[in-house]
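Topology and contacts: notes
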Amino acid sequence: MTPAKGPSDSADAVTSAHATVAESPPPWSQSEARHPGIHQLSFGDHRHPLKKGRNIIGRGKDSNVIVDAAGVSRRHACITIQNDHVMLEDLGSKNGTFVSSRKVDAPVEISDSCPIRLGTTWLVYHNATAFED
């Protein structure tokens, strides 16, 4: 799989796709092709590059990553990438943000291949730098 490409590859480009709803995390493996040094969020057949700083995830058109799925708020969650730390926080969503099955009530650090659930929609965070030699 390759990252979604739009009309602009700038760090501030907004990406959009329809998400899949599942009862368990998607079966992505660590052996999938990745682009070195790129933080990505996967859902369905889509991979979305994440920029350094704040990445708003939700249904809203102003979100950095648009997840068009029932149960996802307009501004549902945020992934913040700063230096070597990647933090996930819920933005007061109605249906909650979860890391695996643990509800996110305060910002939590995440790592490569971390399953994230927004309401009933599963996503996976990828950090390509975790596999560089």
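Now for a description of the structure that goes with this document. Predicted model, so just to flag it, every value in this text is computed and none were measured. In every chain, residue numbers begin from 1 and rise along the written sequence. Two thresholds apply to this predicted model, a pLDDT of at least 70 for residue-level local features and 80 or more for giving and counting side-chain atom pairs, whereas whole-chain, interface and lining totals are computed over all residues. Calculation of side-chain values draws on the structure's entire complement of heavy atoms; hydrogens and water are dropped beforehand.

Let us look at the overall build of the protein chain. Regarding its fold elements, the protein chain presents zero helices and twelve strands. Secondary structure elements in the protein chain, listed N-terminal to C-terminal, are β-β-β-β-β-β-β-β-β-β-β-β. Each of the 133 residues in the protein chain was classed as buried or not, and the buried ones make up 44%. Residues are treated as being in contact if the distance between any of their heavy atoms lies within 4.5 Å. A separation of at least 24 residues holds for 49% of the contacts in the protein chain among residues at least 6 apart in sequence. Working definition of accessibility: Shrake-Rupley area with a 1.4 Å probe, residue cover restricted to the visible protein chains. Total accessible area on the protein chain stands at roughly 7,300 Å², and carbon and sulfur atoms take up 49% of it. Starting at the N terminus, helices and strands are each numbered in turn, a helix being any DSSP run of H or I of at least four residues and a strand any DSSP run of E of at least two. With a 1.4 Å probe rolled over the protein chains alone, any residue whose accessible area is under 20% of its type maximum counts as buried; one over 50% counts as exposed, and the rest are partly exposed.

Tracing the backbone shows His76 in the loop between strand S5 (65–67) and strand S6 (77–82). Judged by its relative accessible area of 0%, His76 is buried. Within 3.5 Å is the distance limit for a polar contact, defined as a pair of N or O atoms, with the added protein rule that one can donate a hydrogen and the other accept it, and that residues adjacent in sequence qualify only through two side-chain atoms. Side-chain polar atoms of His76 contact the backbone oxygen of Gly96, separated by 2.8 Å.

Throughout this description, the term nonpolar core refers to a set of buried Ala, Val, Leu, Ile, Met, Phe, Trp, Tyr and Cys residues connected via side-chain atoms within 4.5 Å. With 22 residues, the main nonpolar core has Leu41, Val67, Ile79, Leu88, Ile110, Ile116 and Tyr125 as its most contacted residues. For this core, the secondary structure elements donating two or more residues are strand S2 (39–43), S5, S6, strand S7 (85–90), strand S11 (114–118) and strand S12 (121–127). Among all residues touching Leu88, those that are not within four sequence positions of it are Ala77, Cys78, Ile79, Thr97, Val99, Val104, Ala106, Pro107, Val108, Ile110 and Ile116.

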